[in-house]
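Residue strings, one per chain:
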Amino acid sequence: MKKRKVISIFLLAMSVAAVTSFGAAAQETEIQTETVEIPADLSEYDVDGVGVFYLPEGFEVESGESEEGLPSTYAVLTSEEIEISASRFGPDAYEAAGIEMPADLEEYSQREGTRKSLPEGEDFERDEFGNLGVVITYEEEPEADAGNGRTMTMYQVLKKGTESYGAVSLICPEELYEEMEKDFGLWLSLMELE
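Residues numbered from 1 in each chain as written. Predicted model: local features only at pLDDT ≥ 70, side-chain atom pairs only at ≥ 80, totals over all residues. Heavy atoms only, no water.

1. Considerations on the overall build of the protein
If you tally the helices and strands in the protein, you get five helices and ten strands. Counting over 194 residues, the protein shows a buried share of 48%. Once local pairs closer than 6 in sequence are excluded, the contacts in the protein between residues at least 24 apart make up 55%. A total of about 10600 Å² of accessible surface is found on the protein, and carbon and sulfur atoms cover 46% of it. (Helix = DSSP H or I, 4+ residues; strand = E, 2+ residues; numbered from the N terminus. Buried < 20%, exposed > 50% of the residue type's maximum accessible area, 1.4 Å probe, protein only. Contact = heavy atoms within 4.5 Å. Areas by Shrake-Rupley, 256 points an atom, 1.4 Å probe, with all protein chains shown as cover.)

The structure is reproduced here in structure tokens:
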């Protein structure tokens with residue numbers, strides 16, 4: 001759990017950097033979205049100040065506000081081997097940073113702070129669900145009392161709300177990601193940022 005909190009703090013810091021960095025404007029791309037029916041086996045998790053998640057039953061939810069860096073709201077949803085972290089930055093965060101909100105997700109993805117979080121050679125791309133995201137695999141640091149570290153996968157997508165931007169990251173062991181990649185893509189595509 002200690003490692004998960006460190007990763008969550010890291011993801012929040014990446015999002016703060018994305019808000020506060022200036023970036024080159026990206027070409028505007030029209031993405032056609034279809035209305036997707038919520039599968040019956042998914043439950044609604046409505047997290048005040050962040051958004052709505054559609055996930056299987058059994059996730060524990062932690063949420064709150066942060067004034068550290070820039071004003072934001074966050075949520076961390078955890079189950080046995082899956083952690084989903086979301087951060088949301090509204091107009092107050094951009095005002096505090098002294099910059100304008102991005103025009104769209106493509107511009108948000110091109111901001112220096114957003115790109116700084118990407119490993120060399122990686123880029124945000126659209127997946128089959130329309131998510132603008134990236135998948136990163138890394139070695140988890142071993143914990144003293146837990147034995148060897150594991151290979152983990154982070155599936156991070158950028159989201160646009162009504163008057164906000166943010167990032168949602170799903171982290172799990174690599175073998176679980178390979179088994180459930182399609183499910184995870186659907187879950188992240190259904191998430192609605194406030």
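Moving on from the model shown.
2. Some remarks on the sheet that holds strand E2 (residues 51–55)
In spatial order, the strands read E1-E2-E10; together these three strands make up an open sheet with antiparallel pairing. Each edge of the open sheet is held by one strand with a lone partner, namely strand E1 (43–47) and strand E10 (192–193). Summarising the sheet, E1 and E2 pair through five bridges and their orientation is antiparallel. Looking at E2, one finds that tyrosine 45 is bridged to phenylalanine 53. (Pairing = 2+ DSSP bridges.)

3. Comments concerning the packing of aromatic side chains
Inspection of every chain in the model, using the stated rule, returns six aromatic pairs. On the basis of an interplanar angle of 65° and a centroid distance of 5.1 Å, the ring pair of phenylalanine 184 and tryptophan 187 is categorised as edge-to-face. Remark: tryptophan 187 and phenylalanine 184 occur in helix H5 (residues 174–190); sequence separation between them is three residues, near one turn of the helix. Following the ring pairs from residue to residue traces out a cluster consisting of Tyr45, Phe59, Tyr155, Tyr177, Phe184 and Trp187. (Phe/Tyr/Trp six-rings, centres within 6.5 Å; stacked < 30°, edge-to-face > 60°.)

4. Here we look at the nonpolar core
One finds Phe53, Ile82, Ile84, Leu170, Phe184 and Trp187 to be the most contacted residues of the largest nonpolar core, which totals 29 residues. Listing elements by their share of this core, those giving two or more residues are E1, E2, strand E4 (72–78), strand E5 (83–89), strand E8 (151–160), strand E9 (165–173) and H5. Here this core gets eight residues from one element, more than from any other, and that element is H5. Those residues within four positions of isoleucine 84 in sequence are excluded, and the remaining contacts are Phe53, Leu55, Phe59, Ala75, Val76, Leu77, Val168, Ser169, Leu170 and Trp187. Phe89, Ala93, Leu118 and Ile171 belong to the second largest nonpolar core, which has 18 residues in total. (Core = buried A, V, L, I, M, F, W, Y, C linked by side-chain atoms within 4.5 Å.)

5. Some thoughts on the confidence of the model for the protein
Of the residues in the protein, 79% have a pLDDT of 70 or more, and the chain-wide mean is 83. Confidence drops under pLDDT 50 across residues 1–33; counting only partners more than four residues distant or on other chains, this segment forms 67 contacts. (pLDDT = per-residue confidence, 0-100.)

6. Quick word on H5
For H5, the principal kink sits at methionine 180 and spans about 80°. In this fold, the buried residues of H5 make contact with E2, E5, strand E7 (132–139), E8, E9 and E10. (Bend = angle between axes of the 7 residues up to and from the residue.)

7. Digging into the environment of valine 36
One can find valine 36 in the loop between helix H1 (2–20) and E1. For the pair valine 36 and phenylalanine 129, spaced 93 residues apart in the sequence, the C-alpha separation amounts to 9.9 Å. Not counting residues within four places of it along the chain, the set of residues in contact with valine 36 comprises Leu186 and Leu190.

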